[in-house]
Amino acid sequence: MDEITSRMAEAELAEAKGDYREAYRLYGQLGKDIQARHGRFDPRALDAFEGVARSIGKLTT
C-alpha cells in the first residue's frame, strides 16, 4: 500500500469512528500534500477534499 492510500485509509477510519474533526484534519493535510507533490488537480487531492467536505457536513448535522 502506498503512502497516499494508507493516509486516505487512516482518514476514512477516523470518519467511520465518528471522529469528524480528526477526519477533517487528516483529509485536509493529505489533500494539501498531494497538491504540493502532484499538482493542484490531481484526482486524489480532489478525493481528499471531498472527505473534508463530508466531514464538515457530519459535524454540522
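Structure's up top.
These lines cover the structure that appears in this document, whether it is placed above or below. Since the model is a prediction, treat every value here as computed from it, not as a measurement.

## Quick word on the overall build of the protein chain
Next, step 1: In terms of helices and strands, the protein chain carries three helices and zero strands.
Next, step 2: Sequence-ordered secondary structure for the protein chain, helices as α and strands as β, is α-α-α.
Next, step 3: Taking 2.2 N^0.38 as the reference for a compact globule, 61 residues should give roughly 10 Å; the C-alpha atoms of the protein chain span a radius of gyration of 11 Å, in line with that estimate.
Next, step 4: Counting only C-alpha atoms and orienting by the principal axes, one finds that the protein chain spans roughly 35 × 20 × 15 Å.
Next, step 5: Intrachain contacts of the protein chain at a sequence separation of at least 6 include 49% that bridge at least 24 residues.
Next, step 6: Of the roughly 4,100 Å² of accessible surface on the protein chain, a fraction of 53% belongs to carbon and sulfur atoms.
Next, step 7: Averaging the locations of the 10 positively and 11 negatively charged side chains of the protein chain gives two centres separated by 4 Å.

## Thoughts on the nonpolar core
Most often, soluble globular proteins keep nonpolar side chains buried together rather than apart.
Next, step 1: Core analysis: the largest hydrophobic core is formed by 12 residues, namely Ile4, Met8, Ala11, Ala14, Ala23, Leu26, Tyr27, Leu30, Ile34, Ala45, Ala48 and Val52.
Next, step 2: Secondary-structure elements contributing two or more residues to this core are helix H1 (3–16), helix H2 (20–38) and helix H3 (43–59).
Next, step 3: Looking at this core, the element that brings in the most residues is H2, giving five residues.
Next, step 4: In this structure, Ala14 is in contact with Asp19, Glu22, Ala23 and Leu26, ignoring residues within four places of it in sequence.

Each value, and the rule that gives it
Residues numbered from 1 in each chain as written. Predicted model: local features only at pLDDT ≥ 70, side-chain atom pairs only at ≥ 80, totals over all residues. Heavy atoms only, no water. Helix = DSSP H or I, 4+ residues; strand = E, 2+ residues; numbered from the N terminus. Rg over C-alpha atoms; globule rule 2.2 N^0.38 Å. Contact = heavy atoms within 4.5 Å. Areas by Shrake-Rupley, 256 points an atom, 1.4 Å probe, with all protein chains shown as cover. Lys, Arg positive; Asp, Glu negative; His and termini not counted. Charge placed at Lys NZ, Arg CZ, Asp CG, Glu CD. Core = buried A, V, L, I, M, F, W, Y, C linked by side-chain atoms within 4.5 Å. Buried < 20%, exposed > 50% of the residue type's maximum accessible area, 1.4 Å probe, protein only.

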